[in-house]
Amino acid sequence: MYDLIVEDATVVGSNGRAVADVCVEDGRIVYVGARPAGSARKKTSAIGKFLIPGLIDTHVHFRSPGAHHKEDWASGSRAAVSGGVTTVCDMPNTDPPTLNREAWEQKRGLAADSSRANFGIWVGAAATNLAEADALMQQGDACGIKVFMGASTGPLLVDDDTLVRVFQETKGLIGVHAEDEALLTTMRERFAGNPNPEHNEVRPPAAAVAAVKRLIELTRTTRRPVHICHVSTAAELNLLEDVRGVLPKIG
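Residues numbered from 1 in each chain as written. Predicted model: local features only at pLDDT ≥ 70, side-chain atom pairs only at ≥ 80, totals over all residues. Heavy atoms only, no water.

A. Region of interest: unusual backbone geometry. With an omega of 15 degrees, the peptide bond between Ser-64 and Pro-65 qualifies as cis. Residues Asp-95 and Pro-96 are joined by a peptide bond in cis, for which omega reads 5 degrees. Relative to the helices and strands, Pro-96 resides in the loop between strand 7 (85–90) and helix 2 (101–114). Look at Asp-26: it is not a glycine, yet its phi comes out positive at around 55 degrees. Mapped onto the secondary structure, Asp-26 falls in the loop between strand 2 (16–25) and strand 3 (28–33). One non-glycine residue, His-230, lies in the positive phi region at around 40 degrees. You can see His-230 is positioned in the loop between strand 12 (226–228) and helix 8 (234–243). (Helix = DSSP H or I, 4+ residues; strand = E, 2+ residues; numbered from the N terminus.)

B. Inspection of the packing of aromatic side chains at higher detail. Enumeration over the complete set of coordinates arrives at two aromatic pairs. Aromatic side chains Trp-73 and Phe-119 sit 5.6 Å apart centroid to centroid with 65 degrees between the ring planes, which places their arrangement in the edge-to-face category. Of this pair, Trp-73 sits in helix 1 (residues 73–82) while Phe-119 sits in strand 8 (residues 118–121); the two residues are 46 residues apart in sequence, bridging distant segments of the chain. Given a relative accessible area of 1%, Trp-73 falls into the buried group. For Phe-119, a relative accessible area of 32% corresponds to the partly exposed category. Aromatic ring contacts, followed pair by pair, group Phe-62, Trp-73 and Phe-119 into a single cluster. (Phe/Tyr/Trp six-rings, centres within 6.5 Å; stacked < 30°, edge-to-face > 60°. Buried < 20%, exposed > 50% of the residue type's maximum accessible area, 1.4 Å probe, protein only.)

C. Highlighting the pairing of strand 8. Relative to strand 8, strand 7 runs parallel, the two being bridged by four bridges. What sits directly across from Thr-87, in strand 8, is Asn-118. As a crossover connection, the stretch from strand 7 through helix 2 into strand 8 is right-handed. (Pairing = 2+ DSSP bridges. Right-handed = clockwise from strand over helix to strand, strands pointing away.)

D. Structural context of the packing of helix 7 (residues 205–222) against helix 8. Put simply, helix 7 and helix 8 touch, their axes get as near as 9 Å, and they point 15 degrees apart. Taken together, helix 7 and helix 8 sit at an angle that is classed as roughly parallel. Relative to helix 8, the crossing made by helix 7 is right-handed. Only Ala-235, Glu-236, Leu-239, Leu-240 and Val-243 of helix 8 make contact with helix 7, whose side of the interface consists of Ala-208, Val-209, Val-212, Lys-213, Ile-216 and Arg-220. For the contact of helix 7 with helix 8, the class distribution of residues is eight nonpolar, no polar and three charged. (Axes fitted to C-alpha atoms, helices over the stretch in contact; angles between N-to-C directions. Parallel < 35°, antiparallel > 145°, perpendicular 65-115°, else oblique. Left-handed = near helix turned anticlockwise from the far one by under 90°. Contact = heavy atoms within 4.5 Å. Nonpolar A, V, L, I, M, F, W, Y, C, P; charged D, E, K, R; others polar.)

E. Broad picture of the nonpolar core. In this structure, Val-147, Val-176 and Leu-215 are the most contacted members of the largest nonpolar core, which totals 30 residues. Elements with a minimum of two residues in this core: helix 3 (130–138), strand 10 (145–148), helix 4 (160–169), strand 11 (174–177), helix 7, strand 12 and helix 8. Apart from residues lying up to four places away in sequence, Val-147 is in contact with Ala-125, Val-158, Leu-163, Val-166, Ile-174, Gly-175, Val-176 and His-177. In this structure, Val-60, Ala-80, Val-85 and Ala-117 belong to the second largest nonpolar core, which totals eight residues. (Core = buried A, V, L, I, M, F, W, Y, C linked by side-chain atoms within 4.5 Å.)

F. Seen up close, a nonpolar patch on the surface. On the surface, Phe-50, Ile-52 and Leu-55 cluster together to form a nonpolar patch covering roughly 300 Å² of accessible area. For Ile-52, a relative accessible area of 47% puts it in the partly exposed group. (Patch = residues over 30% accessible without salt bridge, like charges linked within 9 Å, V, L, I, M, F, W, Y side chains within 5 Å. Areas by Shrake-Rupley, 256 points an atom, 1.4 Å probe, with all protein chains shown as cover. Salt bridge = Lys/Arg side-chain N within 4 Å of Asp/Glu carboxyl O.)

G. Helix 3, seen in detail. Along helix 3, the residues classified as buried are Leu-130, Ala-133, Asp-134, Leu-136 and Met-137. In a view along the axis of helix 3, the buried residues occupy a sector of 155 degrees, so they form one face of it. Where helix 3 terminates, the next one or two residues include Gly-140, which has phi positive at roughly 80 degrees. (Arc of directions from axis to C-beta.)

H. Geometry of the sheet that holds strand 7. In spatial order, the strands read 6-7-8; together these three strands make up an open sheet with parallel pairing. At either margin of the open sheet sits one strand with a lone partner, and together these are strand 6 (55–60) and strand 8. Between one strand axis and the next, the sheet turns by 20 degrees as a mean value, whatever way the strands run. Packed onto the sheet, helix 1 meets strand 7 and strand 8 and runs at close to 140 degrees relative to strand 7.

Such coordinate-based values are descriptive only and should not be taken to indicate function.
Written out as structure tokens, the structure is:
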């Protein structure tokens, strides 16, 4: 006997969508298809409703440890699963930043205690931690190495020399906050007297474009896979479209 049968759902998968029944037993989906043999302790109708696999959000900021008054693993993961996200991957710019094994284990403990979702944890890149960051990757712990080319929340800004070393001295997925820090610095100075500048004035699209161009250069040289976080301009998309299928997993 199944624990649950969801009947007549529009099931969305990698091969498209189809109306089917879904059977659950011991917390696992054990059957998807036409009317199953056997009964269930509970049945529910999903006529006219979509049933999709749990989503994966590779870029969350749960702000714990260090700023749990903004968000923490309990509140953030509850919001995630309420929206159909069953796996979350937390970024390293917390307090302390996730730069070494000790900080990673501290965050993992918080997540294990409180998260309602499956989780992964990014390790941050810095000039002094690349060997330890790479070890977290190679041991299957960190889900990726996060690089901040432009200043954001937390002390994880890296210079170009460190960026190059990440590509040369580590393995695995690199995630990048792609903004050109030199241009950001110029714009911050230009608008220093303005208490409320427009976002695009102090963080102009040109800064993102310059950073994406630099990443394409590095990917051509090293053949490393790169995930560019929060692409937000048409110009960035145009650059990436030009190298789609040419470079290894850049996007």
